[in-house]
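Each chain, letter by letter, is given below.
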Amino acid sequence: MTTIHKIPLIAMSLAALSLSAPTAHAYDVSGVGGTGGVLSPEARDATATIGMLAELERPGTRVHLVPGVMCWGSDRRTDFNPNMDVLYHVRPEGTVSPYVGAGSGVHMRGGPLASDDETDLGLNLMGGVRFPGRSANIFVESRHT
């Protein structure tokens, strides 16, 4: 395994250790929601993506754990992508705030040809802005996977 491929495993391991450390405070589910967007898969036209995510946070911190799943389909090819991201928002909770994040995911691709079926690890990098609402946060995000 190359060093590049080890990075997502290291990130996931560190996230798991931070949750299981005896002195760590618990992260609670602060929200569950859906996502939608447009992406440009390699050698394909832009296509729509949909997903679901949960947001886990510890009160009083600016770090959020965001497990989720995304999927897309184009030209009879698909990608199902469970992932785990860690976000840091710059300003306090309840205010409009920019954020940055990183994480990793597993890409499970499929298609009409046997050569289309592939599974590999990926690194996620993202940045965006969170807008607080009465019952839900809205965010605009740019992501590179």
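Note that the structure is a prediction, hence the values are computed from the model and not measured.

Here we have 7 strands laid out as an open sheet, ordered E1-E2-E3-E4-E5-E6-E7, and antiparallel in their pairing. Each having just a single partner strand, strand E1 (28-39) and strand E7 (138-144) make up the two edges of the open sheet. Neighbouring strand axes in the sheet, compared pairwise and without regard to direction, differ in orientation by 25 degrees on average.

It is worth spelling out the side chain of Ser97 at this point. You can see Ser97 is positioned in strand E5 (residues 97-110). Assessed through its relative accessible area of 1%, Ser97 is described here as buried. Every residue in contact with Ser97, bar those within four places of it in the chain, is listed here: His89, Val90, Arg91, Gly128, Val129 and Arg130.

Below, the discussion takes up a nonpolar patch on the surface. On the surface, Val96, Phe131, Ile138 and Val140 cluster together into a nonpolar patch covering about 360 Å² of accessible area. In this fold, Val96 is placed in the loop between strand E4 (77-89) and E5.

So, how was this worked out
- Each chain has its residues counted from 1, following the order in which its sequence is written.
- This being a predicted model, a pLDDT of at least 70 is required before a residue's local features are given, and a value of 80 or more before pairs of side-chain atoms are given or counted; all residues contribute to the totals for chains, interfaces and linings.
- In computing side-chain values, all of the structure's heavy atoms are included and hydrogens and water are not.
- Strands are labelled as partners when DSSP assigns at least two bridges between them.
- Helix numbering and strand numbering both begin at the N terminus, where a helix is a DSSP run of H or I of at least 4 residues and a strand a DSSP run of E of at least 2.
- Helix axes use the C-alpha atoms of the stretch in contact, all axes being lines fitted to C-alpha atoms, and the angles between their N-to-C directions lie in the range 0 to 180 degrees.
- In this scheme, a residue with accessible area under 20% of its type's maximum is buried, one over 50% is exposed, and one in between is partly exposed, where area comes from a 1.4 Å probe on protein chains only.
- When checking whether two residues touch, look at their non-hydrogen atoms; a contact exists if any pair is within 4.5 Å.
- Residues qualify for a patch when their relative accessible area is over 30% and they have no salt bridge, like charges being joined within 9 Å and the nonpolar side chains of Val, Leu, Ile, Met, Phe, Trp and Tyr within 5 Å.
- Residue exposure ignores everything except the shown protein chains as possible cover, and the areas themselves are Shrake-Rupley values with a 1.4 Å probe.
- Counted as salt bridges are all cases of a side-chain nitrogen of Lys or Arg within 4 Å of a carboxyl oxygen of Asp or Glu.

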